[in-house]
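Geometric and topological summary
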Amino acid sequence: MTQKYILAVDLGTSGPKSALVSSQGKILAHTFIENDLYLLDGGGAEQDPEQWWQSILETFRVLLARKLVPPEEIAAICISSQWSGTVAVDADGRHLMNALVWLDSRGSRDVEDIAGGRLNIQGYAPLKLLRWIRLTGGAPSRSGKDSIAHILYIKNKMPDIYRNTFKFLEPKDYINLRLTGLFAASADSITLHWVTDNRNIDRISYDDRLIKLSTIDRDKLPDIVQAASVLGLLKKEVADDLGLSPETRVISGTPDVQAAAVGSGAVADFAAHLYIGTSSWLTCHVPFKKTLLSSNIASLPSAVPGRYFVANEQESAGACLKFLRDNIFFPEDAISDAPAPDDFYQRLDRLAAEAAAGSGGLLFLPWLYGERTPIDDPMIRGGFVNLSLNATRSQMVRAVLEGVALNSRWLLEAVEKFTKQRIDPIRMIGGGAHSDIWCRIHANVLDRTVEKVKDPLLANVRGAAFLASAAMGYIPFSEIGENVEIDDVYLPDAANRHLYDTLFCEFKVSYKRTRKICARLNRASCMLSAAGGSDTIDG
């Protein structure tokens, strides 16, 4: 069979990254265009859907202009995108306003209105919470960042937009509409609307009881298809514009978390990957639906047919290193305005390598923006524990890397409790996988073999391409793992076992000892801010 190729897209918050990928997962070329993000008062976060569309078209033109393969050999297009975003479109497919993206929390009060009752458990009426968990596996987040919160915010604060909306679409489903003219969602992309019965993974559908609970009109939600399926043909005008065949298939696609799982090659049951980016997650595919409230972990529909994936997230991972760069080493303030060097993170790696394992007993707690799993605590904050005058800068930097890894171990502990399986090895992707020392630290802290995936920042586009290839029948899901190259393998060092066991124990104790302090301080800070308080004394 003649080799076929896929145009795969990873539409992140920063913009679309597109790649030309073979049906066996080989990336021939990739390109990126930055997009704007609009942060608004009151927790608003928006992007322009038209800018998404035009940027994706431009990345396609750049890739096609390189003439790496004949256009007729490009068999499919597949989109992966940021999850929990909302685009309101009319019956002609025109967006009616900017998209509300996953950072937008303006619908938090609207979620509280539908979730609460006379008797509440952490803001949820017990019977409502039970129904959501039993049918979906989770429940709308009170943070207001889920898709259902976006729609409720539009319904209650922008009634004209809501009334004129034909369908509310996730970002990748909006791009699919522009590619095909079809209104649809995949069984995985629709999950964060919390209106689907997910108990039968092969037949996910809207549930009338959940629809009623949501107060959203069913006819404003798209029909549901499978992620690994052909949605339709590329619209003729788009095909002509790009110089592609009108027989080019558009695959339904999947959100970024699920695409990363496929792109890591960890597609077998209980095969795991660890993503280290701004935030972090450790996830795997499982054959069952389950919710573990004690660890804030659930299994939700995945892109792999017949499988769920373990959903969880650590709030701050690479964000901790960015904090060091922007607030400690190279802030723009009265002391220094020197820009950070381009190789800043490589320098951090070299500095961390100068310190011995354990950082001299210095602990870093990475909860700089609260935490989601394995503990759900928006008030917890991070910092150094056991800092002394003898601490060196190299120890402090290494402690940050180790602190994130210790949090990964806490999550691994919860995931293994959830799956009742020892997870080993673990594939590592994301920007953090570029750091040799961070991969090595994770292997030692986790006491697991860590496999660094080749081109770890391209896992999402690789995952989208594999999804298209499987949907077109070019590769079975069972062979995806062996088609993902591993750059390096890191084995745990038994000599560090006792050291990291001790640090991990103290890491968890540090959370128990500081959580109430953080809660009191942050509540007091919020009260002071709301009252317009100041430490300035007049007169």
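As a starting point, this report considers the structure included with it. (Residues numbered from 1 in each chain as written. Predicted model: local features only at pLDDT ≥ 70, side-chain atom pairs only at ≥ 80, totals over all residues. Heavy atoms only, no water.)

1. Notes on a positive patch on the surface
Basically, it comes down to this: Within the patch definition used here, like charges are joined within 9 Å and nonpolar side chains (Val, Leu, Ile, Met, Phe, Trp, Tyr) within 5 Å, considering only residues with over 30% relative accessible area and no salt bridge. For every accessible area listed, the method is Shrake-Rupley and the probe measures 1.4 Å; residues are considered covered only by the protein chains on display. Salt bridges, as used here, are contacts in which a Lys or Arg side-chain nitrogen is within 4 Å of a carboxyl oxygen on Asp or Glu. Counting rule for charge: Lys and Arg are taken as positive, Asp and Glu as negative, and neither His nor the chain ends is counted. Charge placement uses NZ in Lys and CZ in Arg. For Asp and Glu, CG and CD serve respectively. Only runs of H or I of at least four residues qualify as helices and only runs of E of at least two qualify as strands under DSSP, and these elements are numbered from the N terminus.
A surface patch of positive charge is lined by Lys512, Arg513, Arg515, Lys516 and Arg520. When you line up the elements, Arg520 lands in helix α15 (residues 497-530).

2. Description of the packing of aromatic side chains
Rules: Note on ring pairs: Phe, Tyr and Trp rings are taken, using the six-membered ring of Trp, and paired if centres are within 6.5 Å. Classes follow the plane angle, with under 30 degrees stacked, over 60 edge-to-face and the rest tilted. Whether a residue is buried, partly exposed or exposed follows from its accessible area with a 1.4 Å probe, protein chains only, as a fraction of its type maximum: under 20%, in between, or over 50%, in that order. Two thresholds decide whether a charge sits over a ring: the Lys NZ or Arg CZ must be within 6 Å of the ring centre and within 35 degrees of the ring normal.
Applying the stated criterion to the full structure yields 16 aromatic pairs. Seen in terms of ring centroids, Phe344 and Tyr345 are 5.3 Å apart; in terms of plane orientation they differ by 75 degrees. Their pairing is edge-to-face. According to the relative accessible area criterion, Tyr345 is partly exposed, its value standing at 33%. Three or more aromatic residues joined by ring pairs make a cluster, and in this case those are Phe329, Phe330, Phe344 and Tyr345. Here the basic side chain of Lys167 rests over the ring of Phe166, its NZ or CZ set 5.0 Å away from the ring centre. The aromatic ring of Phe418 is capped on one face by Lys290, whose charged end is 5.1 Å from the ring centroid.

3. Focus on the nonpolar core
Just so we agree on the cut-off: In these notes, a set of buried Ala, Val, Leu, Ile, Met, Phe, Trp, Tyr and Cys residues joined through side-chain atoms within 4.5 Å is what counts as a nonpolar core. Note on definitions: a residue-residue contact is assigned when non-hydrogen atoms from the two residues lie within 4.5 Å.
With 65 residues, the main nonpolar core has Trp132 and Ile480 as its most contacted residues. Per-element tally for this core: the top contributor is helix α14 (residues 459-471), with 8 residues. If near-sequence neighbours (up to four positions away) are discounted, Ile480 is found in contact with Val262, Gly265, Val267, Phe466 and Ile475. Formed by 61 residues, the second largest nonpolar core is a distinct cluster that contains Ile297, Leu348, Ala433 and Val445.

4. Examining the pattern of salt bridges
All chains considered together, the criterion is met by 33 salt bridges. As a salt-bridge pair, Lys157 and Asp110 come within 3.5 Å of each other at their nearest N and O atoms. Of this pair, Lys157 sits in helix α4 (residues 147-157) while Asp110 sits in helix α2 (residues 108-115), placing them 47 residues apart in sequence. Residue classification places Lys157 among the partly exposed positions, given a relative accessible area of 48%. Given a relative accessible area of 3%, Asp110 falls into the buried group. Ionic pairing is found between Asp269 and Arg307, a salt bridge with its closest N-O pair at 2.6 Å. Here Asp269 is found in the loop between α9 (256-263) and β16 (272-276), whereas its partner Arg307 is found in the loop between β19 (297-301) and β20 (308-311), with 38 residues between them in sequence.

5. As for the sheet that holds strand β6 (residues 74-81)
The line we're drawing: Two strands pair under a simple rule: DSSP has to find at least two bridges between them. For helices, the fitted line uses only the C-alpha atoms of the stretch in contact; every axis is such a line through C-alpha atoms, and the angle between N-to-C directions lies from 0 to 180 degrees.
Here 6 strands make up an open sheet; going across it, the order is β3-β2-β1-β6-β15-β14 and the pairing mixed. Both outer strands of the open sheet, β3 (27-32) and β14 (230-233), are each paired with one neighbouring strand and no more. Ignoring which end each strand starts from, the neighbouring axes of this sheet average 20 degrees apart. Of the strands in this sheet, β1 (5-12), β6, β14 and β15 (249-255) touch helix α6 (residues 171-180), which is tilted by about 170 degrees from β15. Against the sheet, α14 makes contact with β1, β2 (15-22), β3, β6, β14 and β15, and its axis sits at roughly 135 degrees relative to β1, the strand it touches most.

6. Digging into the packing of helix α1 (residues 49-65) against α6
For the record, the criterion: An angle below 35 degrees is treated as roughly parallel, one above 145 as roughly antiparallel, one from 65 to 115 as roughly perpendicular, and anything else as oblique. Working rule for handedness: look at the near helix, and if it is turned counterclockwise from the far one by less than a right angle, call the crossing left-handed; if clockwise, right-handed. Ten residues, namely Ala, Val, Leu, Ile, Met, Phe, Trp, Tyr, Cys and Pro, are considered nonpolar, four, namely Asp, Glu, Lys and Arg, are considered charged, and the remaining ones, Gly among them, are considered polar.
At a minimum axis distance of 11 Å, the contact between α1 and α6 shows a crossing angle of 60 degrees. Classified by the angle their axes make, α1 and α6 are oblique. Like other packed secondary-structure pairs, α1 and α6 cross with a definite hand, here right-handed. When α1 is examined against α6, the residues Pro49, Glu50, Trp52, Trp53 and Ile56 are found in contact with a partner set consisting of Pro171, Tyr174, Ile175, Arg178 and Leu179. Grouping the constituent residues of the contact of α1 with α6 by class yields 8 nonpolar, no polar and 2 charged.

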